[in-house]
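Chain by chain, the residues:
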Amino acid sequence: MSSGLVAETTADSLVPNGEPILRAARVGRAFRGLQALADYELDLRQGEILGVIGPNGAGKSTLFNVITGFLRPTSGRITFHGREIVGLPPDKIAALGIARTFQNIRLFAGMSVLDNVRAAQGMRGGAGFWETIISAPSFLRKERAMEERAMDHLAALGLADLHGAAATSLPYGFQRKLEIARALATEPTVLLLDEPAAGMNAQETADLTQLIRDLHARFGLTVVVVEHDMSLIMRLCQRIQVLNYGRVIASGTPAEIRADPRVIEAYLGTDETVNDGLQTQDAGRQVPGESL
Amino acid sequence: MNFGQFGQQFVNGLSLGSIYALVAIGLAMIFGILRLINFAHGEVLMLGAFATYFYARSGLPFLVVAVLAVLTTVVIGLVMERVAYRPTRGAPDVALLLTSLGVSIALQNAAVLAFSAQPRKFPTPRLIEQQVDLGAGVQISGTNLVTVGVALALMAGLTLFVTRTQLGVSMRATAENVTAAQLMGINITTVIVAAFVIGSVMAGVAGILWGARVGRIEPLMGFIPVLKAFVATVIGGFGSIPGAVLGAYILGFGEIFLVAWLPDALTSYRDAFVFTALILVLLVRPQGILGSTEPEKI
């Protein structure tokens, strides 16, 4: 599929109509009395790009941690293609096709750009344990194929020329892209992006928005993106969920979200919450309607 | 010291360092992934030497005996992982440390019961016991030559494995960041099992080489090599495999040349010098020579 075609379609015109593949029902996660996520509901449809927004501490990262099996929900069910995934170890969930990036970059620090991506290919498609140990003839062929595939994923993010560099020597924006390349290397159907534009300027964010759109089309991905940057969310997402205090307070198209008084209240606070002092900490916060 | 003596001591230090390196690699590898200091690694070495001793009675060629002995240590390593370390995975570091000390003591005493504490003569093949004349007055023992050759070959193999293979790359990724590795679909158990297999191969080979070097074997023989290897990994930077190898060679050369240069009256203090070196390293550079000081980001 050409990227030009995708670029021309505006987010609002794409109504998600695929099959629901990732479902969450009444999912909750409590940390010693603090309800980080409560009664969370999700019907993620095949091929859609869903945005999840909300003030800091609203439960967005907890949501990703619960979906990927890094945290176990304290209540509720999560199914992926109809299969219950609560309680599966993170590597099994990743192998089923759910990949993520991290808000705070977590590359494999001591390794090269290429090896970061190779590591994420897991043992799938590569030589097996005993095959590797005894260096069976099939082993070299498989390893070469894996390396080529890793290079393809680097090329998709424009990082192919940097494959030999140490991962942590890359500029910040490139490290973020490498995280996406690494997530793609797990060959996911669902990609969870945790604040991919954090620390980027307006131009870099615009480029990243286009890049995510291209990857979405090229790899046939379903994407969930958590982001504070409203320009990225509003341009990219067909549907948005707004979280506050662990609960979904609003859900709809970008146009609906922009006009929703509950969202504006969650971001700016009513007089009451401002007086609580709970909502005034986040100086860089953008109101959804503000940037577009 | 003339050139001939220097050459001899150099090869001797290289050989001792090679054995320490083989043991230290296993320690560093398992620590890197599990944060476990596996003191029972020395008992894997000891059991490798005893397996060689018993298999050699069958009259099979020594190379076949050695391969069978190494396979035996692999099985021992796998059982150890399954029985002792898998159930304690994720436990606090102190619990892991105590578990490994417990496994070590249990295996030592099981060996005393099974084989008796009596030292036995190690069946070193006559072929490699001979002296080799390298010319210029340098005479070295065949054992040292074989030790250095075998160790370098194994380390070259390991380097290829961790840089070129999918499993090797997965192992390095897991050592870097277990959480991220798991979330990228890496099965941690496979990686840990692989680390124990590789560590046990190295320790088994080290047991055979140590037996050939010392000439006799006994159930407590694993303690000193594993302690020295531990010092080597600390000097080099704990968890770093190249660091462990570097530390092992520094230790090997240091010990041999200390003994060669010190007056006879002081040579029995060689271990005291080793541990003094350890204390100095910990004071001056606690992260080790190749260890990183990068704080963990949260």
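Residues numbered from 1 in each chain as written. Chains lettered and ligands numbered in written order. Predicted model: local features only at pLDDT ≥ 70, side-chain atom pairs only at ≥ 80, totals over all residues. Heavy atoms only, no water.

**Describing the overall build of chain A**
No. 1: Summing up its helical and strand segments, chain A has twelve helices and ten strands in all.
No. 2: A burial count over chain A gives 52% of its 292 residues as buried.
No. 3: Counting contacts in chain A only where the partners sit at least 6 residues apart, residues at least 24 apart contribute 68% of the total.
No. 4: Of the roughly 12,800 Å² of accessible surface on chain A, a fraction of 52% belongs to carbon and sulfur atoms. (Helix = DSSP H or I, 4+ residues; strand = E, 2+ residues; numbered from the N terminus. Buried < 20%, exposed > 50% of the residue type's maximum accessible area, 1.4 Å probe, protein only. Contact = heavy atoms within 4.5 Å. Areas by Shrake-Rupley, 256 points an atom, 1.4 Å probe, with all protein chains shown as cover.)

**Observations concerning the sheet that holds strand β2 (residues 34-45) of chain A**
Residues and elements named next belong to chain A.
No. 1: Strands sit in the order β2-β1-β4-β5 across an open sheet of four strands; the sheet is antiparallel. Each edge of the sheet is formed by a strand with only one pairing partner; in this case those strands are β2 and β5 (83-84).
No. 2: Of the strands in this sheet, β1 (20-31), β2 and β4 (75-80) touch helix α2 (residues 60-67), which is tilted by about 115 degrees from β1. (Pairing = 2+ DSSP bridges. Axes fitted to C-alpha atoms, helices over the stretch in contact; angles between N-to-C directions.)

**As for the domain arrangement of chain A**
Interface size, as often reported, equals the accessible area lost upon joining of the parts.
Residues and elements named next belong to chain A.
No. 1: For chain A, the assigned domains read domain 1 (1-97 + 188-292) and domain 2 (113-187).
No. 2: On the domain 2 side, the residues contacting the 17 residues of domain 1 number 13 residues.
No. 3: Interface of domain 1 and domain 2: buried area, both sides summed, is about 1,200 Å²; carbon and sulfur atoms make up 73% of it.
No. 4: Looking only at domain 1, the three residues that lose the most surface to domain 2 are Pro188, Leu211 and Leu215, adding up to 34% of its buried area. (Domains from an automatic or database assignment. Buried area = accessible area lost by both parts, 1.4 Å probe.)

**Quick notes on the interface of chain B and chain A**
No. 1: Across the boundary between the two partners, chain B contributes 26 residues, which contact 28 residues of chain A.
No. 2: Of all residues in chain B, Gln166, Leu183 and Met184 of chain B bury the most surface against chain A, accounting for 31% of the area lost on that side.
No. 3: Where chain B meets chain A, there are one salt bridge.
No. 4: Here aspartate 115 of chain A and arginine 172 of chain B are joined by a salt bridge, their closest N and O atoms 3.0 Å apart.
No. 5: Linking chain B with chain A are six residue pairs in polar contact (both at pLDDT 80 or more), by the criterion used here.
No. 6: Of all elements in the fold, only α6 (142-164), α7 (166-176), α8 (178-183) and α9 (188-214) of chain B reach the threshold of two or more residues within the side of chain B that touches chain A.
No. 7: Looking at the side of chain B that touches chain A residue by residue, the class counts come to 13 nonpolar, ten polar and three charged. (Salt bridge = Lys/Arg side-chain N within 4 Å of Asp/Glu carboxyl O. Polar contact = N/O pair within 3.5 Å; in protein donor to acceptor, adjacent residues only side chain to side chain. Nonpolar A, V, L, I, M, F, W, Y, C, P; charged D, E, K, R; others polar.)

**Here's the deal with the sheet that holds strand β6 (residues 98-100) of chain A**
All names here are of chain A.
No. 1: An order of β6-β7-β8-β3-β9-β10 is seen for the six strands of this open sheet, with the pairing classed as mixed. The open sheet is flanked by β6 and β10 (247-252), the only strands paired with a single partner. Strand-to-strand, the axes of this sheet are offset by a mean angle of 20 degrees, without reference to chain direction.
No. 2: In terms of strand pairing, strand β7 (residues 190-194) meets strand β8 (residues 222-226) through five bridges, oriented parallel. In the sheet register, leucine 191 faces β8, and the bridge partner there is valine 223.

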